[in-house]
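Understanding the architecture of this molecule
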Amino acid sequence: KNKKKIMCGIIGIASNKPVSINIINSLKKLEYRGYDSAGLATLTDDSINEKKCSGRVEELEKILFKAPSNGNIGIGHVRWATHGVPNIINAHPHSSEQVSVVHNGIIENSDEIKRELVSKGLKFKSQTDTEVITLLITEALKENEPLKSVYKTLKKLKGSFALGIIFKNFSNIIIGARRGSPLAVGYSKEENYIGSDSYALKSMTNKISYLDDGELCVLTKDQISFYDESLKKINKKIHTMSESETAIDKGEYKHFMLKEIYEQPITIKNCISEYVDSLKKNINIINFPIEPNNINKIVLVGCGTAYNSCLTAKYWFEELTTIDVEIDIASEFRYRKLKFNSKNLYIFVSQSGETADTAAALDLCKKNNVKTCSIVNVIESTIARNSDWVLPIHAGTEIGVASTKAFLGQLTVLYILCLKLAIVRKDIDERTYVKNINNLKKLPEAIKECINIESNVQLMAKEFLSAKGSMFLGRGSSFPIALEGALKLKELSYLHAEGYPAGEMKHGPLALIEEGLPVIILAPKDKYFEKTLSNMQEVIARGGKILFITDNKKDSLNENIRFGLRVPHLDNLLSPILLTLPLQMLAYHVALLKNCDVDKPRNLAKSVTVE
Ligand code: AGP
């Protein structure tokens, strides 16, 4: 069965001038959602003009360069396939003679509908679930006007979607619809838009509304009408987006990832200044959804890198507060048989704020009437809008698929939240609170110092090229950083890497160690330091090639260590943040040496909006 599940980006523009160039520009911004294939459709001379390609938007741009598409109304799409080969036929838009559709989501009953339509004699061109939408609307248009046709079609669909639809015979409108997948609507002079997120619309407008589930919109170049799930006309709030986000081009950097690594001293400084009142030496976090003294437990949930930040924060909460902490991977959390408790605070960590599993985990909490908080980078995102309380990380747009500055931002906000809860609950005294705030303020400078050790990291990177795999080891709060270092290396360089608690090696993974295998040891001078050194000896004895990263000022390097790196020391609590920097750069340089696509690693997408 060749069913295509898709996680994609969509765009639609209704204008008084040709739209194809702006569609291409927006699709480039949406490539973080998928980059397997791309396409657009515009209305020209009363016909639907479709252009598609497999691969990147760049390819589509070349096609358009050779054969430009006119038309003042158009829709576009970037796709990320989880099943089947991404090819031109399965690329969106999917068009009939009458109608053209772009879709983000999954139609779960597409096989059933397909059988029905085929038995009526209709023909399908692709293997996608989306084409059933095109054909259903085409059928409905025989007896209904466009909005009614779309409405009737949606009633037949099970699953999730954000849709953009244009019509051959109604050449001034685009219809948008949402159920389960995000859809933003943008307003401008003589031009209106729909898009999977506000970021795709940013260069064209900062006035945005968001469709809620079940809602539809009809845009012309100078008007937008909204409808609820019973097709009653409704009004929507217009948000004006902030201008404060950092510039979104690579500037002097070779890759977005490198730029984002280098931005971290600034993004972390911004983040700290958003939360810390330097004069009063206080953290200005207020309006807790649960009175801090009444919080029974904190449950932290995220995916991938965001999960690693939750795991790091667990160590902080345990160290500084008396609150019980539980952590979970969102795709596990959402299916567990949980005992929800109204005294628990459920915190969802996500850069994009659109990750499907994290969003579903949040929805589950909402259904169970418990208080939710989100720690996100994109404040206009679904997760931010759906949670009771939002703590933004203020990292600016992150383009590189491998998360760097957002990870450090998540850690920083989690640490700040932890300090605030600790002082409000009197789990720490005022002196400790102020000391920790003072150390926190030194963090941006210390991060800058870590970045300056880049040339040493480049030497280290070479060690990975001929190796079978690698191990990243740490104890305590360095363990989640070992996981994060291994995740970065895997996703960027396609080399196998394992992150492990150093103390766990002898329970199995030590068998992997052989002559020359690169082993990264994270050994800050904390209470685990000596134990980590012993674990390192066990690895050395079996031939592992040690790359040692520490903040210990005294010389702990010896002839058994192939490479040593020293990061600055502020206090033990902040060491996981500083240890992250060399690991980000290591993954970057190994990927460079292997000629991998640093900003868009194979098989991945920036925002994982399918389950
Ligand atoms: C990080 O480098 C990864 N690309 C990935 O693990 C990511 O952190 C994860 O998909 C969660 O994304 P989110 O933060 O946008 O929810």
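Residues numbered from 1 in each chain as written. Predicted model: local features only at pLDDT ≥ 70, side-chain atom pairs only at ≥ 80, totals over all residues. Heavy atoms only, no water.

1. Some points on the overall build of the chain
Secondary structure assignment for the chain yields 19 helices and 27 strands. Relative to the compact-globule value of 25 Å for 611 residues, the chain shows a C-alpha radius of gyration of 26 Å, a close match. Summarising its shape, the C-alpha atoms of the chain cover approximately 80 × 55 × 45 Å along the three principal directions. In the chain, which comprises 611 residues, the proportion classed as buried is 61%. (Helix = DSSP H or I, 4+ residues; strand = E, 2+ residues; numbered from the N terminus. Rg over C-alpha atoms; globule rule 2.2 N^0.38 Å. Buried < 20%, exposed > 50% of the residue type's maximum accessible area, 1.4 Å probe, protein only.)

2. A short note on helix H11 (residues 356-367)
In this model H11 runs 16 Å from its N-terminal to its C-terminal C-alpha over 12 residues, within 8% of the 16 Å that 1.5 Å per residue would give. Residues of H11 that are buried: Ala 356, Asp 357, Thr 358, Ala 359, Ala 360, Ala 361, Leu 362 and Cys 365. For H11, the elements touching its buried residues are strand E18 (297-302), helix H10 (330-333), strand E20 (344-350), strand E21 (371-376) and helix H12 (382-386). A positive backbone phi angle near 55° is found at Asn 369, which sits one or two residues after H11. (Expected span 1.5 Å × (residues − 1). Contact = heavy atoms within 4.5 Å.)

3. Focus on the pattern of salt bridges
Throughout the structure, instances matching the rule amount to 26 salt bridges. A salt bridge links Glu 97 to Lys 168, with the nearest nitrogen and oxygen atoms 3.2 Å apart. Placement of Glu 97 in the loop between strand E5 (94-95) and strand E6 (99-107) and of Lys 168 in the loop between strand E7 (159-167) and strand E8 (170-179) is noted, with a sequence separation of 71 residues between them. Overall, the relative accessible area of 59% leaves Glu 97 in the exposed class. Lys 168 sits in the buried class, given a relative accessible area of 18%. (Salt bridge = Lys/Arg side-chain N within 4 Å of Asp/Glu carboxyl O.)

4. Some thoughts on the packing of aromatic side chains
Applying the stated criterion to the full structure yields 8 aromatic pairs. Seen from their ring centres, Phe 340 and Tyr 346 are 5.6 Å apart, and the 45° between their planes marks the pair as tilted. Cluster of aromatic residues (ring-pair linked, three or more members): Phe 333, Phe 340, Tyr 346 and Phe 348. In this arrangement the basic side chain of Arg 602 is found over the ring face of Tyr 494, its NZ or CZ atom lying 4.0 Å from the centre. (Phe/Tyr/Trp six-rings, centres within 6.5 Å; stacked < 30°, edge-to-face > 60°. Lys NZ or Arg CZ within 6 Å of the ring centre and 35° of its normal.)

5. Observations regarding the sheet that holds strand E11 (residues 207-210)
Read across the open sheet, the 8 strands follow the order E3-E2-E4-E1-E10-E9-E11-E15; overall the sheet is antiparallel. Bordering the open sheet on either side are strand E3 (47-54) and strand E15 (239-240), each of which pairs with just one other strand. Across 2 bridges, the pairing between E11 and E15 is antiparallel. Among the inter-strand pairings, Lys 207 is bridged to a residue of E15, identified as Thr 240. Running over the sheet, helix H1 (residues 20-30) touches strand E1 (9-15), strand E2 (37-44), strand E4 (73-79) and strand E10 (191-195) and is turned about 155° from E1. Helix-sheet contacts for helix H2 (residues 57-66) involve E2, E3 and E4, and the interaxial angle to E3 is about 135°. (Pairing = 2+ DSSP bridges. Axes fitted to C-alpha atoms, helices over the stretch in contact; angles between N-to-C directions.)

6. Things to note about the site of the ligand
If you check the shell around the ligand, you find 14 residues, and the closest are Ser 350, Gln 351, Ser 352, Thr 355 and Glu 491. Here an oxygen atom of the ligand and a backbone polar atom of Thr 305 are 3.2 Å apart. In this structure, Glu 491 approaches the ligand through a side-chain N or O atom, which is 2.3 Å from an oxygen atom. In the complex, 91% of the free accessible area of the ligand, which totals 410 Å², lies under the protein chains. Residue assignment for the shell around the ligand shows that the elements contributing at least two residues are helix H9 (304-320) and helix H17 (478-493). Ranked by residues supplied to the shell around the ligand, first place goes to H9 with 3 residues. Taken together, the residues of the shell around the ligand break down into 5 nonpolar, 7 polar and 2 charged. (Near = heavy atom within 4 Å. Polar contact = N/O pair within 3.5 Å; in protein donor to acceptor, adjacent residues only side chain to side chain. Areas by Shrake-Rupley, 256 points an atom, 1.4 Å probe, with all protein chains shown as cover. Nonpolar A, V, L, I, M, F, W, Y, C, P; charged D, E, K, R; others polar.)

7. Some thoughts on the sheet that holds strand E24 (residues 497-501)
Strand order in the open sheet made by the 5 strands is E24-E23-E25-E26-E27, with parallel pairing throughout. In the strand order of this sheet, the two ends are held by E24 and strand E27 (561-566), each with one partner. Taken pair by pair, the neighbouring strands of this sheet meet at an average axis angle of 20°, ignoring direction. Sheet topology note: the strand E25 (residues 518-522)/strand E26 (residues 545-550) ladder contains 5 bridges and is parallel. Among the inter-strand pairings, Leu 522 is bridged to a residue of E26, identified as Ile 549. Contacting strand E23 (470-474), E24 and E25, H17 crosses the sheet at an angle of about 175° to E24.

8. A word on a positive patch on the surface
On the surface, a cluster of positive charge is made up of Lys 120, Lys 148, Lys 152 and Lys 156. Structurally, Lys 148 can be placed in helix H5 (residues 146-156). (Patch = residues over 30% accessible without salt bridge, like charges linked within 9 Å, V, L, I, M, F, W, Y side chains within 5 Å. Lys, Arg positive; Asp, Glu negative; His and termini not counted. Charge placed at Lys NZ, Arg CZ, Asp CG, Glu CD.)

9. Description of the pairing of E8
The sheet contact formed by E7 and E8 spans 6 bridges and is antiparallel. Each residue of the ladder has a partner; that of Ala 162, found in E8, is Arg 178. A loop of 2 residues connects E7 with E8, the two strands running antiparallel in sequence. Sheet topology places E8 next to strand E12 (residues 216-220); 4 bridges connect them, and they run antiparallel. Considered in E12, the bridge of Ile 175 is made with Val 218.

10. Notes on helix H4 (residues 131-140)
Burial of H4 is extensive: 9 of the 10 residues sit out of reach of the surface. Residues of H4 that are buried make contact with E5, E6, helix H3 (110-119), H5 and E7.

11. Concerning the side chain of Ser 15
You can see Ser 15 is positioned in strand E1. In this structure Ser 15 touches Asn 72, Glu 190, Glu 191 and Lys 221, once residues within four positions along its chain are discounted.

12. Details of the packing of helix H15 (residues 443-451) against helix H19 (residues 575-593)
For the pair H15 and H19, interaxial distance at closest approach is 9 Å and the crossing angle is 30°. In terms of axis orientation, H15 runs roughly parallel to H19. The chirality of how H15 crosses H19 is right-handed. Here Leu 443, Ala 446, Ile 447, Cys 450 and Ile 451 of H15 come into contact with H19, specifically with Ile 577, Leu 578, Leu 581 and Met 585. (Parallel < 35°, antiparallel > 145°, perpendicular 65-115°, else oblique. Left-handed = near helix turned anticlockwise from the far one by under 90°.)

13. Things to note about the state of the cysteines
Evaluation of the coordinates by the stated rule reveals 0 disulfides. Lacking any disulfide linkage, Cys 217 is separated from the closest cysteine sulfur, that of Cys 8, by 18 Å. Since its relative accessible area comes to 0%, Cys 217 is described here as buried. Lacking any disulfide linkage, Cys 450 is separated from the closest cysteine sulfur, that of Cys 271, by 17 Å. (Disulfide = S-S within 2.5 Å.)

Note that every value here comes from positions in space, so none of it alone points to a role or purpose.
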